[in-house]
Each structure stands twice: as structure tokens, then as C-alpha cells.
Amino acid sequence: MVSYLVTILSLVAIISILGLALNLQWGLCGMVNFGIAGFFALGAYTAALVDLAGAGTLVATVAAAAVCGIACALVALVSLRLSDEYLAILTLGFGEVVRLVVLNEEWLTHGSLGLPGIPRPFWGLIPEEQYEYWFLGMLGGVILLLFLALEKLLRSPFGRAIRAVREDDVVAATLGKDVVKLRVKVFALGGVIIGIAGAFHSFYMTYIDPSQFSAILTAYVFMAVIAGGRASNSGLLLGSVGLMAVIEGTRFLKDIFNIFDATQLSAIRLILIGLGLILLLIFRPQGCFAEYRLKIKKPEKEPRKASVQTETRTT
Amino acid sequence: MTAQYIFNGFVSGMILALPAVALTLIYGILKFPNFASGAMLTVGAYLALIFNVYLGMPLLWAAIIGSLIFALIAVGIDQAVFRQLRERTAITLLVCSMGVSFVLENIARFIFGNGARSYDLAIARPKHFFGLRINNEQIITAATAVAAMIVVYFILRHTALGRAMRAVADNPSLAAVRGVRRESIVRWTWAITGTLTAVAGVLAGMDRAIDPLLGWNYIVSTFAAAILGGLGNPVGAVIGALTVGVVEETSTLFIPPNYRQVVSFLAIALLLILRPQGLLGAAKIKK
Amino acid sequence: MTAREIVLKTKDVAAGYGGGDIISNISIDVEEGQIFTVIGPNGSGKSTFIKVLAGLLHTRVGGISIKDEQITPLAAPERVAKGLAYVPQEYNVFPNLTINENLRVSTEFLKRDRCATGEQRERVLNMFPEIATRLTLRAGHLSGGQRQMLAFACAMMAAPVVLLLDEPSAGLSPKFVAEIFDRIKAVNRTGLTVVMIEQNVKEALRIADTVMVLVNGATRLSVPASEIGSTHDLHKLFLG
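Structure report, in brief. The model shown is predicted, which means the values in this text are computed figures rather than measured ones.

1. Examining the overall build of chain B
From N to C terminus, chain B includes 11 helices and 2 strands. Sequence-ordered secondary structure for chain B, helices as α and strands as β, is α-α-α-α-β-β-α-α-α-α-α-α-α. Computed over C-alpha atoms, the radius of gyration of chain B comes to 18 Å, within 12% of the 19 Å expected from 2.2 N^0.38 for 287 residues, which places it in the range of a compact globule. Overall size of chain B, expressed as C-alpha extent along the three principal axes, is 55 × 45 × 35 Å. Classification of the 287 residues of chain B by burial places 60% in the buried group.

What follows is the structure, encoded as C-alpha cells:
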């Protein structure tokens, strides 16, 4: 049971790192990234290939971060002066491109067979039976570092400029902020974080194949960010824990509904994710947790009115 | 040989034109790119499959009934989901359309599984004209798509509904002052969108195997077509779709056919760098 | 002036956005066939007032009637049906629709009795010959002045009792301004009552019959236009 929990928490941690990236790109800057699964795969495969070539896990992580950062910067550059819808379409397309390349370039990625035997960091230095715990600790450390760095960034002049651009990019531009450069930088920074997440995914799994990077992953990350309250990094961490609890909980559906086969159960899970995304956007656009506290304060007061107020306060 | 590829590209471009036009209609009225477009196409294909394979109707009738039902479903989705988000930003709407996409695709997966299916359709021998090999499905596809385009064009240009749709797309508040009820126009637009997308689903299902990812295979190309025509311009979307179809098909002369969507992606990227208003974007007047 | 029928009347109207009222206690009587012009400094509540008349903004206090019929609770399209046609400021045509389509869409969604007849259409086109010759041109290709004409024409299609104009000279180059006001006068001579708000005081006064000066959301003065120049100092009125 404990090892199961460690496994789940490790997955939560990786989703949370992706969430931090999306929170930076979308939550703070309004730049939608529908290609998270693709960028994540790009990071994971880059790290795996570099690692398998014997360069070591640190170099592999840096390489993954760099490649994803550059890829995000390029995608952001293409949609430079266009509205965010175009960026969303481009990222979705980019995700598809990565998926197709990974599937078809078998000389490099072994196609759907995947890449096995990816070396792990500090493997051999730690007793094997304790490794999972150490790895989880490492992920925790990465999250903490990223979390503190992002919070610090937000309070820096750069962070203020980002928020100014989000509020109104025309006004920000008249104040002398180079909006275009700023947006590309933020998006690239998000890419770097996604790359790091990809690298850790490879190290954790030691075996990667294209099925691990389906579009549903993108939905998970969006759910985590929305549930946690956009632009709130601490809410995000709660959001991804809650999300994982729900997703893992639905795995036990199997025991209750044994009339459904595996495909149907996974379909049910994905329907629930989709519905969750929709319902959150409609009823809790500012996240679950901000509202949760409010509820404790005043328990049974006009729930309907509260939801109306919610809607007027939206993005 | 090349002529055959161009012809095939033209026909697949016609399939693409239907969801691309649907996309621009919704973009015009509600101002967001509908990411559920692919999943809607999938569900449309399965609906016709139910009537065709399980209830034994001829495909034509199955397609007609399926598309009409899906028109209602599209309106229903709008009422249940998008209507709740009318005053929100385009970004909220498009994230939401992603959620709708997951729900639709997986309802299809839940009922029909991941296996590939196909319509019950008599196989006819391909005909030969001027050295081109033309099969029956291609003729049906071309005829259906052209008919659908003509109907949509007629509605947009020559009916009160079409004028109202374009008026709302141009200036919603002025349209309201003129007594155009936006909500009713939005419902009609979803009905047209649903019909077009479901018809495209049937045509796509004749072209390749029907599985839950059927529509997903068209999504990048659909966006490429719509952007090529300058988002929000239906005629542009048709021309964009034919262009994308031909370019994708002829590209298979040089690169593996699996990379068609990559070609579309590169087309979007190039276009956005060189001419972001779309090839025909100038035809749309902003102010 | 002889007593003519009052076609548009407001009584103690108050309205605003959010918390406070922007305009209050506004009462006007517009006689048939008049050009009734509302002028005032920026922020005096002119736009608020015309939006209230058009039915785009809710009337908080008071009443509005057209030919003795109460229209206070009606929304904008229903007021058009009652004979109150409204021409918004600037973005007042559909740029991607042709001139002909603009004219058609302006009445075809109203209640049946206001839907323009062929006869009405002829009358409007005769009044605006410059658009009548280019019915298939997209409105977005028209110049600012021509767009304004088209917007008038669209409003006239409903055969209104009163024409409401929201700053007809806004956004126009100075050489068109005089022309626009001449056209308003010409339209008015056909017997149509006009209520407008305007920034361009000099030109507006040239064609106005009655002038109301609005300052800080309250009526400062409401007199025949002829009296304005001689007996009232506008500068003093505007500055309070």
C-alpha cells in the first residue's frame, strides 16, 4: 500500500510540474498551450536519448529543458503578433507533429515499441529498495525549487510586467514593455519546465512509449490548473493532488462495475475528466480551493447566488 | 500520376471543407475556435453507423437522419455548455471546447470500443476518365460536399437567417438594436454546424476506418484550412480546404503519408509568419 | 410657434450605470417635425440620455412616451417597432454586408407592421441617391460620410416617427460635417422628427429648432435654438 502511494505521489508530482508550467503560460500570461502532451513527450524522449547515449542524467535533464524551451519559443514566435487563439491552434498542431514523429521515426524512437532501460539519477548510490522514496523526495525538491523560483519571479519587475501584459497588452506596450519579447520569454520558460518534467518522467518510468503521452495528459494538467485556481501555484499543488485522487479513485470502479471492459472504464474516466473540465469552467472558474474556504465561513447561505457571483468574477 | 494525386487531394479537400466552414461559422458568431470539431465529426460518423449497420438503412438515409439528430445534439451542447459561458473570454470557451471534445470522443469509445468499423456500402468498380481512376466513394463525396456548400452559401447570401448570421458576426450590438435575437441565431448556427460536421463524418467514414480518433485525424488540417481562408470567412475556408487537401495529398509523393498533418501544421506556421490575415483575409472588413 | 402635437415625451427620467445616477430629472417635450438637439460638455450625460431614449439603458425613474403611448419598459427593438429609430455613433452599419443587405436586415427582424414595404424602400432610396446606385457594394468599402448616410437610411426603413441620432458628426472629417447636417435637415423637412445629441455645437445649432443644454446630468436650459446665440452665453452655461 505504501509503495502504491509513493507511485501515485510521484505521478502527482510530475503532473504538478507540468501544472506549474501551464500556470505560468496560461494562468499568468493567458497563453494557452494545448500541446503540453507533445512538449512533454519531446522532453521525455530528448532526456531518454541523451541519457541512453551515456551523457548522464544531469546533462539529459538540461538537454530536455533546452529543447523544450526552444520549441516553445519557436511556436510562440510564429504566432507573435496574433491573438491567443492562433497560439492554441499552433500548440495543438505541434503536439500532433511530435506524436507523429515519435511514432514514425523508428530508427530514433523505436516507434510504438518505445525506449527501454533509461538510466536513473543516483542509481547505485541509494539502496535499491529505498530508491522510490528517494526519487519522490527528489521530485519534491524539484517542485519546491520551481515553486520558490516562480514565486520570486512573480514579485520581480519581470513578473509585474507579465501581469501588466495579461491585464492589457496594449496598455503595457504603451508603458514601454516589449510585449512580444516578454510573451516569447514566458512561453519558453514554461517549455523549460515542461522539459524538466519530461526528463523526470523518463527517469521515473525507465521505459517510455508513445501511449504515455496521449492528449488526455493535456486535459489532466488543465484540470489541475483550473481546479487549483488559475495563476495560484499553491492552489495548483492542491489541485493536482485532488485530481489524482479522483482519477485513481475511478480505477476502483473496475471492482464495482465488472460488466465494463478496460476500454470502457478508461472511456468513463476520460468522460469524467472532460465533464469535470466543463463544470469547473462553468461553476468554479476561480478554482475549488479559494471557494472552499469561503464555504466554511458561511455554511448555508444562498448557494445559487454564490454561483452567479462566481460567474461575474471570471477571467 | 501526379494528376491522380491532385484529384484525390481535391476530393479529400472537399471532406475537409465541411468542418472548416462549420468552424468559421462558429468563429464568426461566438469568436472562438471550436476544438471539439474533430470529436463532433467522429460522433456524426458513428450516428450514421448506427442507422446504417445496426438498423440496416441505406447509407444515404442513415446519413440524413444521423446529421439531423446531430444538429439537435449540437444545439443541445451549446445550450448545456457554451451558453453558460457566453460572456467569457474566447480562451475560456476554447478550453471548454477541449472538454466537450473529450466527452464526445469517449462516449463513442464507450459504446463502440477502439476497434475500426466501416459502413455497409456496396463496393463498385472504380471508373476511369482521362487516365484518372475515380471510385464511387469519391463521386459521392464530391457531390455531397458541393451540394452542402451550395446550400450553406445560399443560406448565408440569400436568406434572412444568413443576413442575420453575418450581421451578428459583424456587430452584435447593432444587430440587437435591429431586433436580431442573438440567441436564436446562435442556435441556428450550431444546427448548421452540427449538420455539416456530421455529414463530413460520414464522408470521412467512407474514406477510412471509423474509430474514436477519426475526427482527431482531421483537426489540424481543418484548422489549417480555416486559417488559410482567414478565420471567419466561409468561402475562404472552402478554398483553404481544397488547398490543404491537394498539398497534403501531393506531399505523399515526397514524404511518408503518415506525415500529412505535419504538412498542414507547417502550412499554418508558414502562413502565420508570412500572411497572418489568411490568403483571403483581406476580403473580411474588420471595422 | 404654433402648438403642435408632442410626439416624444420624457418625464423626470433618471438613469445611470452601477451605483449612482448619471442623469436625473430630465423632462423633454419634442414637438412633431422638430429637430431637438441636446448639447453639453463632455461627461454631461448626453450619451446616457440617448441610450435611455433608444432603450439600451434601463430607465430607473420616470417615464418615456411616444405619441402618448408609454414605452418605458420596452427594449430597443420593440421601441423601433413603436416608431423610434436609432442611429448609433460610428459603428452603425454592418461592414461585411452589402448596402442592400444592410437595408433589408434593418427591418426584417422587427414586428411585422414595421417591416419595410417596397414603397417605403423606394422613398428611402430616393432620399439617399448616393447609396441607391451601389446596392451591391459592401458597406465596409464606403467612406465615413457615406456610412453615416447608409445608417440613416437603415433607420428610415422602419418608417419611424422619431429619428434618434447619436453624435452624427462623430469620426467624420470636417468637410463632411456640414453636409451631414444639411442632410439631416433635408430628412427633417419630409416631416420626420429628429432628436440628436451632438458635440459640434456650432453646426448642430444651425439646423436645430429646440436646444437643450445638459450639464452634470441635469437640464440647464431648454429653449428655441434662435434664442441661444442672442440671450444665452454658452460658455457660461457649459462651465456652470
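And the narrative resumes.
2. Remarks on the overall build of chain C
Check the secondary structure of chain C and you find 10 helices and 10 strands. Since a compact globule built from 240 residues should have a radius of gyration of about 18 Å, the 17 Å found for chain C is in line with a globular shape. Oriented by its inertia axes, the alpha-carbon framework of chain C measures out at about 50 × 40 × 40 Å. The buried share among the 240 residues of chain C stands at 55%. Here the contacts in chain C between residues at least 6 apart in sequence split such that 68% fall between residues at least 24 apart. With an accessible surface of roughly 10300 Å², chain C has 51% of that area assigned to carbon and sulfur atoms. Here chain C contributes 26 positive and 25 negative side-chain charges, whose respective centroids are spaced 3 Å apart.

3. Concerning the packing of helix α10 (residues 215-228) of chain A against helix α11 (residues 233-251) of chain A
Residue and element names in this part refer to chain A. It is at 7 Å that the axes of α10 and α11 come closest, and there the two elements cross at 125°. It follows that α10 is oblique to α11 by the angle criterion. For the crossing formed where α10 meets α11, the hand is right-handed. Between α10, through Tyr220, Met223, Ala224, Val225, Ala227 and Gly228, and α11, the contact on the second element is made entirely by Gly235, Leu236, Gly239, Ser240, Leu243 and Ile247. A breakdown of the residues in the contact of α10 with α11 according to their chemical character gives 8 nonpolar, 4 polar and no charged.

4. Some thoughts on the interface of chain A and chain B
Contacts between the two partners involve 43 residues from chain A and, on the opposite side, 43 residues from chain B. At the boundary of chain A with chain B, total buried surface from both sides reaches about 3900 Å², with 78% on carbon and sulfur atoms. Along the contact surface separating chain A from chain B lie 0 salt bridges. The tally of links between chain A and chain B comes to 7 residue pairs in polar contact (both at pLDDT 80 or more). At the level of elements, α4 (84-104), α10 and α13 (262-283) of chain A are the ones that each hand at least two residues to the side of chain A that touches chain B. A total of 15 residues in the side of chain A that touches chain B trace back to one element, the largest contributor, which is α4(A). Counted by class, the side of chain A that touches chain B contains 30 nonpolar, 7 polar and 6 charged residues.

5. Some words on unusual backbone geometry
Even without being a glycine, B:Lys31 presents a positive backbone phi close to 60°. Tracing the sequence through the fold places B:Lys31 in the loop between α1 (2-30) and α2 (37-54). Note on B:Lys31: relative accessible area 38%, which makes it partly exposed. Although it is not a glycine, C:Glu90 sits at a positive phi angle of roughly 50°. Inspection of the secondary structure puts C:Glu90 in the loop between β6 (84-87) and α3 (99-105).

6. Concerning the packing of aromatic side chains
Considering all chains together, one arrives at 18 aromatic pairs over all chains under this definition. With a centroid separation of 5.2 Å and 50° between ring planes, the pair formed by A:Trp26 and A:Phe222 is classed as tilted. Taken together, the residues span a long stretch of sequence, with A:Trp26 in helix α1 (residues 2-28) and A:Phe222 in helix α10 at a distance of 196 residues. Given the relative accessible area of 1%, A:Trp26 is considered buried. A:Phe222 sits in the buried class, given a relative accessible area of 2%. Relative to B:Phe110, the ring of A:Phe260 lies with its centre 5.1 Å away and its plane at 70°, an arrangement referred to as edge-to-face.

7. Considerations on the pairing of strand β7 (residues 162-166) of chain C
Residues and elements named next belong to chain C. Most of β7 is tucked away, with 5 of its 5 residues classed as buried. Alternating residues of β7 divide into Val162, Leu164 and Asp166 and Leu163 and Leu165, and every residue in both groups is buried. Inspection of the sheet shows β7 paired to strand β8 (residues 193-197) by 5 bridges, in the parallel sense. Residue pairing in the sheet places leucine 164 in a bridge with valine 195 of β8.

8. A short note on the nonpolar core
Nonpolar side chains in soluble globular proteins tend to be buried together. Grouped together as the largest cluster of nonpolar side chains are 195 residues, with contacts concentrated most on A:Phe34 and B:Trp190. Apart from residues lying up to four places away in sequence, A:Phe34 is in contact with A:Ala88, A:Thr91, A:Leu92, A:Thr218, A:Phe222, B:Phe35, B:Leu94, B:Val95 and B:Met98. Core analysis: the next-biggest nonpolar cluster, separate from the first, contains 34 residues, C:Ile131, C:Ala151, C:Val177 and C:Leu192 among them.

9. A closer look at helix α8 (residues 182-207) of chain B
For α8(B), with 26 residues, the first-to-last C-alpha span of 37 Å sits near the 38 Å given by 1.5 Å per residue. Counting buried residues along α8(B), 20 of its 26 residues qualify, which places the element largely inside the surrounding structure.

10. Re the interface of chain C and chain B
A common way to express how large an interface is: the accessible area buried when the components associate. Every contact between the two is made by 26 residues of chain C and, on the other side, 19 residues of chain B. Buried surface at the junction of chain C and chain B, both sides included, amounts to about 2100 Å², of which 59% is carbon and sulfur. Three residues, C:Phe94, C:Asn96 and C:Phe109, lead the burial of chain C against chain B; their summed loss comes to 30% of the area buried on that side. In this assembly, chain C and chain B are joined by 2 salt bridges. Residue B:Arg163 is joined to C:Glu108 by a salt bridge in which the shortest nitrogen-to-oxygen separation is 2.7 Å.

11. Description of the sheet that holds β7(C)
All names here are of chain C. Strand order across the open sheet formed by 6 strands is β6-β7-β8-β3-β9-β10, with mixed pairing between neighbours. Single-partner strands in this sheet number two, and they are β6 and β10 (218-224). The average undirected angle you get between the axes of adjacent strands in this sheet is 15°. As paired elements, β6 and β7 share 4 bridges and run parallel to each other. For leucine 84, the partnering residue across the bridge sits in β7 and is valine 162. Of the strands in this sheet, β3 (35-39), β7 and β8 touch helix α7 (residues 174-189), which is tilted by about 150° from β8.

12. Details of the pairing of strand β1 (residues 6-15) of chain C
Residue and element names in this part refer to chain C. Two elements, β1 and strand β2 (residues 23-31), share 6 bridges in a ladder whose sense is antiparallel. Bridge pairing in β2 places valine 13 opposite isoleucine 26. Pairing of β1 with strand β4 (residues 61-66), which is carried by 5 bridges, proceeds in the antiparallel orientation. When the bridges of β4 are listed, alanine 14 appears paired with valine 61.

13. Concerning the sheet that holds β4(C)
Consider a sheet: its strands pair through backbone hydrogen bonds, and that pairing is either parallel or antiparallel. Residues and elements named next belong to chain C. With antiparallel pairing, 4 strands are arranged side by side in an open sheet as β2-β1-β4-β5. The open sheet is flanked by β2 and β5 (69-70), the only strands paired with a single partner. The strands touched by helix α1 (residues 46-54) within the sheet are β1, β2 and β4, with β1 carrying the most contacts at an inclination of about 120°.

14. Focus: a nonpolar patch on the surface
All names here are of chain A. On the surface, a nonpolar cluster with roughly 340 Å² of combined accessible area is contributed by Leu272, Leu275, Leu279 and Phe283. Take leucine 279: it is sitting in helix α13. Taking the relative accessible area as the measure of exposure, leucine 279 reaches 44% and is therefore partly exposed.

15. Let's talk about the arrangement of the chains
Comparison of the 2 pairs of chains in contact shows the highest number of contacts for chains A and B. Separated throughout, chain A and chain C approach each other most closely at a C-alpha pair spaced 14 Å apart.

16. Some remarks on helix α9 (residues 179-205) of chain A
Residues spaced three or four apart along an α-helix point in a common direction, a consequence of the helix completing one turn every 3.6 residues. Given a rise of 1.5 Å per residue, 27 residues ought to cover 39 Å, and the 39 Å separating the end C-alpha atoms of α9(A) matches this to within 8%. Most of α9(A) is tucked away, with 22 of its 27 residues classed as buried.

Reading guide: rules and limits
- Residues numbered from 1 in each chain as written.
- Chains lettered and ligands numbered in written order.
- Predicted model: local features only at pLDDT ≥ 70, side-chain atom pairs only at ≥ 80, totals over all residues.
- Heavy atoms only, no water.
- Helix = DSSP H or I, 4+ residues; strand = E, 2+ residues; numbered from the N terminus.
- Rg over C-alpha atoms; globule rule 2.2 N^0.38 Å.
- Buried < 20%, exposed > 50% of the residue type's maximum accessible area, 1.4 Å probe, protein only.
- Contact = heavy atoms within 4.5 Å.
- Areas by Shrake-Rupley, 256 points an atom, 1.4 Å probe, with all protein chains shown as cover.
- Lys, Arg positive; Asp, Glu negative; His and termini not counted.
- Charge placed at Lys NZ, Arg CZ, Asp CG, Glu CD.
- Axes fitted to C-alpha atoms, helices over the stretch in contact; angles between N-to-C directions.
- Parallel < 35°, antiparallel > 145°, perpendicular 65-115°, else oblique.
- Left-handed = near helix turned anticlockwise from the far one by under 90°.
- Nonpolar A, V, L, I, M, F, W, Y, C, P; charged D, E, K, R; others polar.
- Buried area = accessible area lost by both parts, 1.4 Å probe.
- Salt bridge = Lys/Arg side-chain N within 4 Å of Asp/Glu carboxyl O.
- Polar contact = N/O pair within 3.5 Å; in protein donor to acceptor, adjacent residues only side chain to side chain.
- Phe/Tyr/Trp six-rings, centres within 6.5 Å; stacked < 30°, edge-to-face > 60°.
- Pairing = 2+ DSSP bridges.
- Core = buried A, V, L, I, M, F, W, Y, C linked by side-chain atoms within 4.5 Å.
- Expected span 1.5 Å × (residues − 1).
- Patch = residues over 30% accessible without salt bridge, like charges linked within 9 Å, V, L, I, M, F, W, Y side chains within 5 Å.

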